[in-house]
Amino acid sequence: MRLHKVYHRFSVLSLTSPPFLPHPSSTLFSSYSPSFLSSKSCRISSSTPPSTRNPFLQTMSTSRLHNLVPLAAIATEDAAGPNGSTATPEDDELNSGYRLPPAEIRDIVDAPPLPALSFSPQRDKILFLKRRSLPPLSELAKPEDKLAGVRIDGKSNTCSRMSFYTGIGIHGLRDDGTLGPEKLIHGFPDGSKLNFVTWSTDGRHLAFSIRGQDQEEEDDVGSKLRVWVADVETGKAKPLFQSPDVFLNAIFDNYVWVNDSTLLVCTIPASRGKPPKKPLVPSGPKIQSNEQKTVVQVRTFQDLLKDEYDEDLFEYYATSQLLLVSLDGSVKLFGEPALYTSLDPSPDQKYILLTSLHRPFSFTVPCGRFPKKIDLWSAADGKILRTLCDLPVAEDIPIAFNSVRKGMRSLNWRADKPSTLYWVETQDGGDAKVEVSPRDIVYTQAAEGEDHPNIFHKLDLRYGGISWCDDSLALIYESWYKTRRVRTWLVSPDKSSNENPPAPRLLFDRSSEDVYSDPGSPMLRRTPDGTYVIAKFKKEDKQATYLLLNGSGATPEGNIPFLDLFDIDTGEKERIWHSDKEKYYESVVALMSDQKEGELQRWPERKACQITRFPHPYPQLASLQKEMVRYERKDGVQLTATLYLPPGYDPTRDGPLPCLVWSYPGEFKNKEAAGQVRGSPNEFAGIGPTSPLLWLARRFAILSGPTIPIIGEGKEEANDRYVEQLVASAEAAVEEVIRRGVAHPGKIAIGGHSYGAFMTANLLAHAPHLFSCGIARSGAYNRTLTPFGFQNEDRTLWEATDTYIKMSPFMSADKIKKPILLIHGEEDNNSGTLTMQSDRFFNALKGHGALSRLVIGGYRNFVFPTLVKKKKMLMKPKQLLPLVVVQLQRLKTLELILFITIQDHHFDLSGLGRS
């Protein structure tokens, strides 16, 4: 049995059973907006020395911080203010622009990133997608249009502030587990920005988009995206379209491989013309009405359409013309221009599902709730066969959790059939507060040949997805948030060939909060059509059918990922592999074989080979100290946290340190579940540009992620005792670091992002004895400004007025006496954290004389969408046994990819991971 073990510091590879490419705009590639730029202790320092750069990647010619203004360069020509008054030192400091952080922090922030990795469909090659470091502020400051919940770069006709790759390298994966020499994809202009890299279904070609360096061209042609393809064997890339005037529209879905040699591409219509101009004089007042007295409760969505001009501009940018283009350059129009949001070919490549938006748009909700139409098209001739659904605008989805849109939803192709559709429809009108049975019904229907859909399964909880296998096996998931209940059903999809088909069987019934009972998820295998289905196995001496369950393995000692052989008939499990908890954090992430049903046999000898060699990204912190600590709240709830200490620190010798506590509260229905351990002491300590772990370089102790459970058991609402439980959890955390002698009692700071910022402000108001100061980043502080629910609270302000008021630190601004730093992105587009929350909270603090500072970053929040392109990949069979990819992390070093074979009839893989 061949297994590939990926030893990596974080989820750059991040493979699930179907391999995918992390999108460059995902949170793995955070925007540059570090919170420490406002620090008083910032100083200018030299650039990162070459010795700390990653030789594996392309050389970074400039620092990410090169556009920041050095302090010495700040002009001080006028000592007096506009009214002739003399500027104070504080005024100079507050208006001195961006400043460089200390060298020890800048070196970490400026460390070049590791490449993203992707296996080929046949698992015989690996892409190394090379990335640059964080972008300069000038790029983040580019103008954008905020329309219908989407932020658009009009020059590129794509989502704004999109990150990118700088190059693509291909390595062959040899049978002995080593990498072949790197082959660079070449032929495109130097300095190009690459996005949307996807394999063709046969693995012989790559498709990707290219945009050039930003240029001040009148028609913005240089900034627009073009589609290129590359031959994997030669590495040679060329434009997909022969005409240089065909540009990609990447506002929503952009292109998809229909087959091995054909792509369906969303392009900017050739006849589109110039964007509409905003009228100098409005045509009339803006009027919204509710004459039908419809109950419409929505959260505080950002960037909504405001008027007819916004509607026209959104339609202008989002409208695409589909083109069906072959690798030989032939092009065919596919349908009429429309606002296409999803392109989904059937497994047999005969049909395509096209999802599009249309008017009337809404001024109340973002585009995800606009009227939506799903059509079935013929892939061969580009003709529409029928409209599957045309859903009206969804402004009336209740705010209660598990409420959904009315009508067809989750419409997809069955992965185990050539062209069979399935979807779900709610029976409660989409309102989770309505009691009804069944609550959801799953339907199936062939693309052609069936006049009416078939009822596949009825659910009493809310539908959560299906894992398909074959006609005899599928797993259906359902859940209910209020009770945290999750259930997995085993069903037999093919009822027509059996007069007495087996009844659906409840396989797992558990609480989502109880991580110790999580059985894991079934491993998937790749089909010849490029889809992924559940992998079934049989043992040589038994007739039973087995699944491979891959789980995170939460235990009181931390996560110990595992692989179980699961008998679907008896429910018996046999643990065939688990991570080495003493040394590594390993996790199985993908099967490497594509056989229909593997026969588990005797395996050959064990072997381990390292095939990649990534250096430590920040060697100055390679020997940091990390420990998972457990302690108890005064009401008996067990709590956990991760304690980080600087390299070489000894509490006995060095004494207590200043300490930063960085956390984020969570809601629970059960105090036993709240006390369960999550995470692993062996996980690599990844440090990003906004990570609190940066302060390890300044000799701080960091208590990261101390659990702050807000518990509401039974019918009790957790937030009704929010402040009480928040303070109790913080007290326990502070007492623990003081007891250990690692934190100075008078030098403990509290900080957090978003709901963690909300927590920070509340703790400074209600537990001032615990902390010396606080850092609150991108938070919301006045819950009356989010009246239709926030976080996991689904009661309205009018239903839980007292709770909203007591939870709001804005209402307790007069109690905050300790220093507080508020940080917020000026263009924060998160629905719950409007920038004005920080503005108004700062004014309230200042109105009561609090020592406070507000830093508005000038850019958006630190939240980016994660977009992953769907792909279909082919893989040729290599052996009878399943090949498995395992991702491994180790606390202090970067471990790499290993090729391993095992000899053991009984699957005792406990020795895996010892290289």
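Values in this document were obtained by computation on a predicted structure and should not be read as measured data. (Residues numbered from 1 in each chain as written. Predicted model: local features only at pLDDT ≥ 70, side-chain atom pairs only at ≥ 80, totals over all residues. Heavy atoms only, no water.)

Draft legend 1. Structural context of the overall build of the protein chain. For the protein chain, the helix and strand inventory stands at 10 helices and 48 strands. In the protein chain, which comprises 915 residues, the share counted as buried stands at 57%. Of the roughly 38000 Å² that the protein chain leaves accessible, carbon and sulfur atoms contribute 51%. (Helix = DSSP H or I, 4+ residues; strand = E, 2+ residues; numbered from the N terminus. Buried < 20%, exposed > 50% of the residue type's maximum accessible area, 1.4 Å probe, protein only. Areas by Shrake-Rupley, 256 points an atom, 1.4 Å probe, with all protein chains shown as cover.)

Draft legend 2. Representation of unusual backbone geometry. The omega torsion of the bond from Arg359 to Pro360 falls at 5°, within 30 degrees of zero and hence cis. Mapped onto the fold, Pro360 is located in the loop between strand S17 (351-357) and strand S18 (372-378). A cis geometry characterises the amide bond from Ser437 onward to Pro438, with omega recorded as 0°. Along the chain, the position of Pro438 falls in the loop between strand S21 (420-426) and strand S22 (440-446). Even without glycine at this site, Arg161 takes up a positive phi of about 55°. Tracing the backbone shows Arg161 in the loop between strand S6 (158-159) and strand S7 (165-172). You will see that Gln791, though not glycine, has its phi angle at about 45°, which is positive.

Draft legend 3. Inspection of the nonpolar core at higher detail. Judged by nonpolar contacts, the single largest core of 58 residues is most densely connected at Leu763, Phe771 and Phe841. If we ignore the near neighbours within four places in the chain, the residues touching Phe841 are Ala761, Tyr781, Pro809, Phe810, Ala813, Ile816, Ile820 and Leu822. Residues Leu194, Val227, Leu248 and Val325 belong to the second largest nonpolar core, which totals 36 residues. (Core = buried A, V, L, I, M, F, W, Y, C linked by side-chain atoms within 4.5 Å. Contact = heavy atoms within 4.5 Å.)

Draft legend 4. Focus on the packing of helix H7 (residues 722-739) against helix H8 (residues 755-766). The N-to-C vectors of H7 and H8 enclose an angle of 85°; their axes lie 10 Å apart at closest approach. As judged from the angle between their axes, H7 and H8 are roughly perpendicular. For the pair formed by H7 and H8, the contact residues are Tyr722, Val723, Leu726, Val727 and Ala730 on the first element and Tyr755, Phe758, Met759, Asn762, Leu763 and His766 on the second. Taken together, the residues that form the contact of H7 with H8 break down as 9 nonpolar, 2 polar and no charged. (Axes fitted to C-alpha atoms, helices over the stretch in contact; angles between N-to-C directions. Parallel < 35°, antiparallel > 145°, perpendicular 65-115°, else oblique. Nonpolar A, V, L, I, M, F, W, Y, C, P; charged D, E, K, R; others polar.)

Draft legend 5. Quick peek at the side chain of Glu311. Inspection of the secondary structure puts Glu311 in helix H4 (residues 308-318). Excluding residues within four positions of it along the chain, Glu311 makes contact with Leu305, Arg359, Phe361 and Phe363.

Draft legend 6. Quick peek at H7. Compared with an ideal rise of 1.5 Å per residue, which puts 18 residues at 26 Å, H7 spans 26 Å between its outermost C-alpha atoms and is within 8% of the ideal. Extensive coverage of H7 is indicated by the burial of 13 of its 18 residues. Gly741 sits one or two positions beyond H7 and adopts a positive phi of about 80°. (Expected span 1.5 Å × (residues − 1).)

Draft legend 7. Structural detail: the pattern of salt bridges. Across all of its chains, the model carries 44 salt bridges by this definition. A salt bridge links Asp416 to Arg414; its shortest N-O distance comes to 2.7 Å. Of the residues examined, Asp416 reaches a relative accessible area of 19% and is grouped as buried. Linking Glu799 and Lys433 is a salt bridge whose minimum nitrogen-to-oxygen distance equals 3.9 Å. (Salt bridge = Lys/Arg side-chain N within 4 Å of Asp/Glu carboxyl O.)

Draft legend 8. Examining the sheet that holds strand S25 (residues 473-480) more closely. Overall, antiparallel pairing links the 4 strands, which are arranged S24-S25-S26-S27 in an open sheet. The two strands at the open ends of the sheet, each matched to only one other strand, are strand S24 (462-470) and strand S27 (505-511). Recorded for the sheet is a direction-independent mean angle of 15° between the axes of neighbouring strands. Pairing of S25 with strand S26 (residues 485-491), which is carried by 7 bridges, proceeds in the antiparallel orientation. Following the sheet pairing, Ala474 is matched in S26 by Val491. (Pairing = 2+ DSSP bridges.)

Draft legend 9. Representation of the pairing of strand S19 (residues 384-391) within the structure. One ladder, built from 6 bridges, connects S18 with S19; its direction is antiparallel. Within S19, the position partnered with Leu376 by the bridge is Arg386. What sits between the antiparallel neighbours S18 and S19 is a turn of 5 residues, in which Gly382 has the positive phi angle 65°.

Draft legend 10. Spotlight on the environment of Leu565. Considering the arrangement of structural elements, one finds Leu565 in strand S33 (residues 562-567). Taking the relative accessible area as the measure of exposure, Leu565 reaches 1% and is therefore buried. A sequence separation of 27 residues divides Leu565 from Lys538, and the C-alpha atoms of the two residues are 10.0 Å apart.

Draft legend 11. Molecular detail of the packing of aromatic side chains. Taken as a whole and judged by the stated rule, the model has 23 aromatic pairs. When the ring of Tyr781 is compared with that of Phe841, the centres are 4.5 Å apart and the planes differ by 20°; the resulting orientation is stacked. Note that Tyr781 is positioned in the loop between strand S44 (773-777) and helix H9 (801-807) and Phe841 in helix H10 (residues 835-847), a separation of 60 residues in sequence. Through a chain of ring-to-ring contacts, the aromatic side chains of Phe252, Phe314, Phe361 and Phe370 assemble into a single cluster. Across from the ring centre of Phe562, 3.9 Å away, lies the NZ or CZ of Arg575, which sits over that ring. In this structure, Arg783 packs its charged tip against the face of Phe758, placed 4.5 Å from the ring centre. (Phe/Tyr/Trp six-rings, centres within 6.5 Å; stacked < 30°, edge-to-face > 60°. Lys NZ or Arg CZ within 6 Å of the ring centre and 35° of its normal.)

Draft legend 12. Representation of the confidence of the model for the protein chain within the structure. Chain-level pLDDT for the protein chain is 82 on average; 80% of the residues reach the 70-or-more range. Confidence over residues 859-888 falls short of pLDDT 50; this stretch has 167 contacts with residues more than four positions distant or in other chains. (pLDDT = per-residue confidence, 0-100.)

Draft legend 13. Here's a closer look at the sheet that holds strand S39 (residues 657-662). Across the sheet, 8 strands lie side by side as S37-S38-S41-S39-S43-S44-S45-S46; this open sheet has mixed pairing. At either margin of the open sheet sits one strand with a lone partner, and together these are strand S37 (625-632) and strand S46 (852-856). Mean inter-strand twist for the sheet, computed between neighbouring axes without regard to direction, equals 20°. Relative to strand S41 (residues 701-704), S39 runs parallel, the two sharing 4 bridges. Bridge assignment links Val661 to a residue of S41, and that residue is Leu703. Contacting S37, strand S38 (638-645), S41 and strand S43 (743-753), H7 runs over the sheet at an angle of about 135° to S43. On top of the sheet, H10 reaches strand S45 (820-824) and S46; it is set at about 160° to S46, its chief contact.

Draft legend 14. Expanded view of the environment of Tyr546. Mapped onto the elements, Tyr546 comes out in strand S32 (residues 546-551). Residue classification places Tyr546 among the buried residues on the basis of a relative accessible area of 6%. Measuring from C-alpha to C-alpha, the distance between Tyr546 and Phe566 comes to 5.1 Å, with 20 residues separating the pair along the chain. Those residues in contact with Tyr546 that sit more than four places away from it in its chain are Ala535, Lys536, Phe537, Lys538, Lys539, Leu565, Phe566 and Asp567.

Draft legend 15. Broad picture of H10. Spanning 13 residues, H10 covers 19 Å between terminal C-alpha atoms, matching the ideal 18 Å at 1.5 Å per step. Note on H10: the residue one or two positions beyond its end, Gly849, has a positive phi of about 75°.

Draft legend 16. How the structure looks around the environment of Cys389. Among the structural elements, Cys389 can be located in strand S19. Using a relative accessible area of 7% as the deciding quantity, one classes Cys389 as buried. A C-alpha to C-alpha distance of 5.7 Å links Cys389 and Lys373, two positions 16 residues apart in sequence.

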